[in-house]
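One letter stands for each residue in the lines below.
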Amino acid sequence: MPSVYKAANPITLLSSYLLNNPVVSRGKRVLDLGSGCGASAIAAKLCGAARVVAYDIDTVAAVATRMNCELNGLEPLVCVTDNLIGLEPEGYDLILLGDMFYEEALADSLHSWLDRCIETHGTQVLIGDPGRAQFEGHTIKTLLHQLAQFELPQSVREENYGLTCSTVWRYHPELTGIV
């Protein structure tokens, strides 16, 4: 049965999950895909990840990640702003995706690219999602195993169009065809 936690923000749920479960990233090569402010990348590093790359096509995200590293007493993480989706995947042990399924075309390309990462390198993939409609209706949802659920405070629910919780999922493409 998945754990249920309190969370302040649907976007930072992956970082909360990592901090509550440090063994998930300890000693691993981690890619934080769509890193935004770098919260999940920083959490992975604080939990002892061997190497962490924060990836976001928004250059402001790289600046925010570096600032947040400084605020957390960490050396700056490697930040990549070139589009990696569709390229040959590097050898990461763990890929973190937080709230990346906000558009169907992006969800489709992520699905294909993540499959290649898993097939090529045996990568573990964790997905944090606040229950967006594009994610709820996507075929990738049938290939996920729920790890944790984060209940959102009322104030955050109001700010996020009534979303009540966020969930951390583990992607299992081998579940194809299993209902």
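Analysis parameters
Residues numbered from 1 in each chain as written. Predicted model: local features only at pLDDT ≥ 70, side-chain atom pairs only at ≥ 80, totals over all residues. Heavy atoms only, no water. Salt bridge = Lys/Arg side-chain N within 4 Å of Asp/Glu carboxyl O. Helix = DSSP H or I, 4+ residues; strand = E, 2+ residues; numbered from the N terminus. Buried < 20%, exposed > 50% of the residue type's maximum accessible area, 1.4 Å probe, protein only. Contact = heavy atoms within 4.5 Å.

**Comments concerning the pattern of salt bridges**
For step 1, the next point in the chain: The tally for this structure, following the rule as stated, stands at 1 salt bridge.
For step 2, the next point in the chain: R29 serves as the salt-bridge partner of D93, at 2.7 Å between the closest nitrogen and oxygen. Here D93, found in the loop between β4 (78–80) and β5 (94–98), pairs with R29, found in strand β2 (residues 29–33); they are 64 residues apart in sequence, far enough to count as distant.
For step 3, the next point in the chain: Its relative accessible area of 25% is what places D93 among the partly exposed residues.

**Quick look at the side chain of S15**
For step 1, the next point in the chain: Assignment of secondary structure puts S15 in helix α1 (residues 13–20).
For step 2, the next point in the chain: Its relative accessible area of 8% is what places S15 among the buried residues.
For step 3, the next point in the chain: Leaving out residues up to four positions away in the same chain, S15 has contacts with A39, S40 and A43.

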